[in-house]
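What follows is the residue order along each chain.
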Amino acid sequence: MKISAKFRAAAFCAAMLALSAAAVAGWRVGALTLADDKAGRAVFVLPAANGYRFTTGYTHSVELTPVEDEYAVAGGALWNWQERVKSSNAGMPSIAPEHGRYINTDEWLIFQGGRRPAERFYLRVGNEKFGRNWIELPPYGRAELYKIMPGVRLAVSAEKKPLASISPVGLELLEGR
């Protein structure tokens, strides 16, 4: 029995589509989650490929100057890639991290690299008076956390999950959407 070229092409396409669907369903990718630590409810959940970067910021309670921390997701873990501060007093960094570097610009004191990965860290959200915490989740937008959930302790984590199991949560809370 002779099989036509059209039938072979259609069968090949159907097989590739089925294999692709199976791969996507089980393909493990990074997921970034911010959860209310006390309530145990996810506030933000986003797919986060290796190398995805996001930034948190707050106003230092003593210095009353901005502090920004840039994180990278890699291998299902979080890396504090760099911290930017306006001064190095009141418990803020003052020397380069081991295996990292210190960069002094006109605007910021930058402490880059040299930190260990973590599966999770905690972000204590302040309020209008103390903290004024925010998060920037490119390309989705920015959230003024202190306005949305003052006084909440957020567990920030990265883990590998099947792509099909990641449903974005919290995008409606972001400005610029």
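You'll find the structure just up there.
Residues numbered from 1 in each chain as written. Predicted model: local features only at pLDDT ≥ 70, side-chain atom pairs only at ≥ 80, totals over all residues. Heavy atoms only, no water.

Participant: Sorry, what's going on with the nonpolar core here?
Facilitator: Among soluble globular proteins, nonpolar side chains are generally buried collectively. Ranked by size, the top nonpolar core spans 26 residues in total, and within it L32, F54, L137, L145 and L154 carry the most contacts. For this core, the elements supplying multiple residues, two or more each, are β1 (28-36), β2 (41-47), β4 (66-74), β8 (120-124), β9 (131-137), α2 (145-148) and β11 (153-162). Leave out the neighbours within four places in its chain, and L154 touches L34, A35, D36, V43, F121, Y122, L123, V125, L145 and M149. (Core = buried A, V, L, I, M, F, W, Y, C linked by side-chain atoms within 4.5 Å. Buried < 20%, exposed > 50% of the residue type's maximum accessible area, 1.4 Å probe, protein only. Helix = DSSP H or I, 4+ residues; strand = E, 2+ residues; numbered from the N terminus. Contact = heavy atoms within 4.5 Å.)

Participant: Even after reading the chapter, I still don't get the layout of surface pockets, so can you show me in this structure?
Facilitator: Any space left empty among the atoms is revealed by the rolling of a water-sized probe across them. For the largest pocket, the calculated volume is near 360 Å³. Taken together, 17 residues form the lining of the largest pocket, with Y58, T59, L123, R124 and N133 sitting closest to its centre. Put simply, the parts of the chain that give the lining of the largest pocket at least two residues each are β3 (53-59), β4, β8 and β9. Classifying every residue of the lining of the largest pocket gives 6 nonpolar, 9 polar and 2 charged. (1 Å grid on protein atoms, 1.4 Å probe; cavity = no way out; pocket = protein on both sides within 12 Å on 5 of 7 lines; lining within 4 Å. Points joined across faces, edges and corners; volume = space filled by probe spheres on them. Nonpolar A, V, L, I, M, F, W, Y, C, P; charged D, E, K, R; others polar.)

Participant: Before we go on, may I ask you to explain the sheet that holds β11 in this structure?
Facilitator: Within a sheet, each strand pairs with its neighbour through backbone hydrogen bonds, oriented either parallel or antiparallel. Read from one edge to the other, the open sheet built from 4 strands follows the order β2-β1-β11-β8, with strand pairing classed as antiparallel. At either margin of the open sheet sits one strand with a lone partner, and together these are β2 and β8. On average, adjacent strands in this sheet sit at an angle of 25° to one another, irrespective of strand direction. Inspection of the sheet shows β1 paired to β2 by 6 bridges, in the antiparallel sense. Pairing of D36 across the sheet is with R41, part of β2. (Pairing = 2+ DSSP bridges. Axes fitted to C-alpha atoms, helices over the stretch in contact; angles between N-to-C directions.)

Participant: What am I meant to see in the packing of aromatic side chains here?
Facilitator: We describe a pair of aromatic rings using the distance from one ring centre to the other and the angle between the two ring planes. Within this structure, the stated rule accounts for 4 aromatic pairs. On the numbers, 4.5 Å between centres and 15° between planes, the contact of Y71 with F121 is stacked. Of this pair, Y71 sits in strand β4 while F121 sits in strand β8, and the two are 50 residues apart along the sequence. Note on Y102 and F111: the rings are 5.2 Å apart at their centroids and 45° apart in plane angle, and the pair reads as tilted. The class of Y102 is partly exposed, set by a relative accessible area of 37%. Judged by its relative accessible area of 1%, F111 falls in the buried class. It is K86 that lies over the ring of W108; its NZ or CZ is 4.2 Å from the centre. (Phe/Tyr/Trp six-rings, centres within 6.5 Å; stacked < 30°, edge-to-face > 60°. Lys NZ or Arg CZ within 6 Å of the ring centre and 35° of its normal.)

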